[in-house]
Amino acid sequence: MAQAFRLFRIFEIDIKIHVSFFLLPLFFGFFYSAHYGWAVGLRAACLVFLVFACILAHELAHSLKAKKLGIAVPEITLYLIGGVASMQSIPREPWKEFWISVVGPLFNFVLALVLFFPLYWTIGKENLFSPGLASWPQMLANVFWINPILAVFNLIPAFPMDGGRILRSLLAVRMNYLKATQISAFLGRLFAILFLFMGIWMRHWMLILIALFIYFSASGEERRVWYEESHRRVSP
Ligand SMILES: [Zn+2]
């Protein structure tokens, strides 16, 4: 990939960062600096990196589980919208897809539990329960809260979120893979339309963007599986 460069390598997986990623710390850094002063801007930019460290940990959880199940994961790339672990293939065995998908959100819940007491002792209860950007301890409190948020967001049953894959894997136990994908993609589009209306209602541009992203990802996944299936039928 031309616009992504390698940060480091861990567990034989290349961790890459896409140039679009840098828009985020720059945007939040400048936005908060302009409105609340440079110190808040600096904390906002730092928070973006910490959030992405949690996203990277989440993707690593998926990747290590996939590798354990025999699927090669050459790289993880961090984009503006989040992380993507490129797996050599998407497993068709429902239990494999289930476990690979479920460990990501599960890891964020575990990370939140692990972070709770160290943060409680270092930054104090007061700061931990009032995350923000007004001080460094409050900024660190976000690192705890972002994990359950990431987990719950990823459990929404819509592609490309883990919840969509978990749903498909559960359906695929009882029906064929294409049908399971179609139902999951349909539900994903319903969620996308719901988010779109919520985004327009709340004038929340990020939610509108997420809605569009989910809508097209659901269709993309359905097309991919449909193509694979039709190709399977014609090929000997
Ligand atoms: Zn995930």
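Rules behind the numbers
- Residues numbered from 1 in each chain as written.
- Predicted model: local features only at pLDDT ≥ 70, side-chain atom pairs only at ≥ 80, totals over all residues.
- Heavy atoms only, no water.
- Buried < 20%, exposed > 50% of the residue type's maximum accessible area, 1.4 Å probe, protein only.
- Helix = DSSP H or I, 4+ residues; strand = E, 2+ residues; numbered from the N terminus.
- Pairing = 2+ DSSP bridges.
- Donors = N, O, S within 2.8 Å, 3.2 Å for Na, K, Ca; no water.
- Tetrahedral: all angles 85-135°; square planar, octahedral: opposite > 155°, others 65-115°.
- Patch = residues over 30% accessible without salt bridge, like charges linked within 9 Å, V, L, I, M, F, W, Y side chains within 5 Å.
- Areas by Shrake-Rupley, 256 points an atom, 1.4 Å probe, with all protein chains shown as cover.
- Salt bridge = Lys/Arg side-chain N within 4 Å of Asp/Glu carboxyl O.
- Axes fitted to C-alpha atoms, helices over the stretch in contact; angles between N-to-C directions.
- Core = buried A, V, L, I, M, F, W, Y, C linked by side-chain atoms within 4.5 Å.
- Contact = heavy atoms within 4.5 Å.
- Domains from an automatic or database assignment.
- Buried area = accessible area lost by both parts, 1.4 Å probe.
- Nonpolar A, V, L, I, M, F, W, Y, C, P; charged D, E, K, R; others polar.

Enquirer: Provide a residue-level description of the pairing of strand 2 (residues 13-18), including the pertinent values.
Expert: Judged by how many residues are buried, strand 2 sits mostly within the fold: 6 of 6 residues are covered. By the alternation rule, side chains of strand 2 split into Ile13, Ile15 and Ile17 and Asp14, Lys16 and His18, which are all buried. Pairing of strand 1 (residues 4-10) with strand 2, which is carried by 6 bridges, proceeds in the antiparallel orientation. Residue pairing in the sheet places Arg9 in a bridge with Asp14 of strand 2. As consecutive antiparallel partners, strand 1 and strand 2 are separated by 2 residues, and within that stretch Phe11 has a phi angle of approximately 50°, a positive value. Pairing of strand 2 with strand 3 (residues 75-79), which is carried by 4 bridges, proceeds in the parallel orientation. Looking across to strand 3, one finds that Lys16 is bridged to Thr77.

Enquirer: Tell me about the coordination of the zinc ion, and name the residues and values.
Expert: Taken together, the protein ligands of the zinc ion are His58 (NE2), His62 (NE2), Asp162 (OD) and Asp162 (OD), with distances of 2.0 to 2.5 Å. Every donor counted, the 4 donor atoms about the zinc ion form angles of 56 to 153° at the centre, which fits irregular coordination. Sequence positions of the donors to the zinc ion reduce to the motif H-x3-H-x99-D. Residue His62 is located in helix 2 (residues 38-68), and its partner Asp162 is located in helix 5 (residues 162-172); the two are separated by 100 residues in the primary sequence. The exposure classification of His62 matches that of Asp162, with both residues buried.

Enquirer: Account for a nonpolar patch on the surface, naming residues and giving values.
Expert: Taken together, the side chains of Phe27, Phe31, Trp205, Met206 and Leu209 make up a nonpolar region of the molecular surface, amounting to roughly 520 Å² of accessible area. Elements represented by at least two residues in the nonpolar patch include exactly helix 1 (23-36) and helix 7 (205-234). It is helix 7 that provides the largest number of residues to the nonpolar patch, a total of 3 residues.

Enquirer: How would you summarise helix 5 if you had to cite specific residues and measurements?
Expert: The buried count for helix 5 comes to 9 of 11 residues, which makes it a mostly enclosed element. All buried positions along helix 5 are accounted for by Asp162, Gly163, Gly164, Arg165, Ile166, Arg168, Ser169, Leu171 and Ala172.

Enquirer: So, the sheet that holds strand 3: which residues are in play, and what are the values?
Expert: Pairing between the strands of a sheet comes from backbone hydrogen bonds, and it takes one of two forms, parallel or antiparallel. Pairing in this open sheet of 4 strands is mixed, and the strands run 1-2-3-4 from one edge to the other. Since the sheet does not close on itself, it has two edges, and those belong to strand 1 and strand 4 (82-86), each with one partner. On average, adjacent strands in this sheet sit at an angle of 25° to one another, irrespective of strand direction. Examined bridge by bridge, strand 3 and strand 4 share 5 bridges and lie antiparallel to one another. Residue pairing for strand 4: Leu78 is matched across the bridge by Gly83.

Enquirer: Explain the nonpolar core residue by residue, including any values.
Expert: In this structure, Ile15, Phe52, Cys54, Ile55, Ile76, Leu78 and Leu133 are the most contacted members of the largest nonpolar core, which totals 29 residues. Going through the elements one at a time, strand 2, helix 2, strand 3, helix 3 (94-128) and helix 4 (136-154) are the ones with two or more residues in this core. Cys54 has contacts with Asn108, Leu111, Val143, Ile146, Asn147 and Leu150, leaving out every residue within four places of it along the chain.

Enquirer: I'd love a proper account of the domain arrangement of the protein, names of residues and values included.
Expert: Size of an interface, as often reported, equals the accessible area lost when the parts are brought together. Per the domain assignment, the segments of the protein are domain 1 (1-155) and domain 2 (157-231). Using C-alpha coordinates to define each centre, domain 1 is positioned 22 Å away from domain 2. Contacts between the two partners involve 15 residues from domain 1 and, on the opposite side, 18 residues from domain 2. Between domain 1 and domain 2, a total of about 1,500 Å² is buried, with carbon and sulfur atoms accounting for 61% of that surface. Considering only the surface of domain 1 that becomes buried against domain 2, Arg92, Glu97 and Phe153 emerge as the three largest contributors, covering 38% of it. For the pair domain 1 and domain 2, the number of links is 4 salt bridges. Here Arg165 and Glu97 are joined by a salt bridge, their closest N and O atoms 3.8 Å apart. Counting residues per element, the side of domain 1 that touches domain 2 draws most heavily on helix 3, which supplies 6 residues. Within the side of domain 1 that touches domain 2, the residues separate by chemical class into 9 nonpolar, 4 polar and 2 charged.

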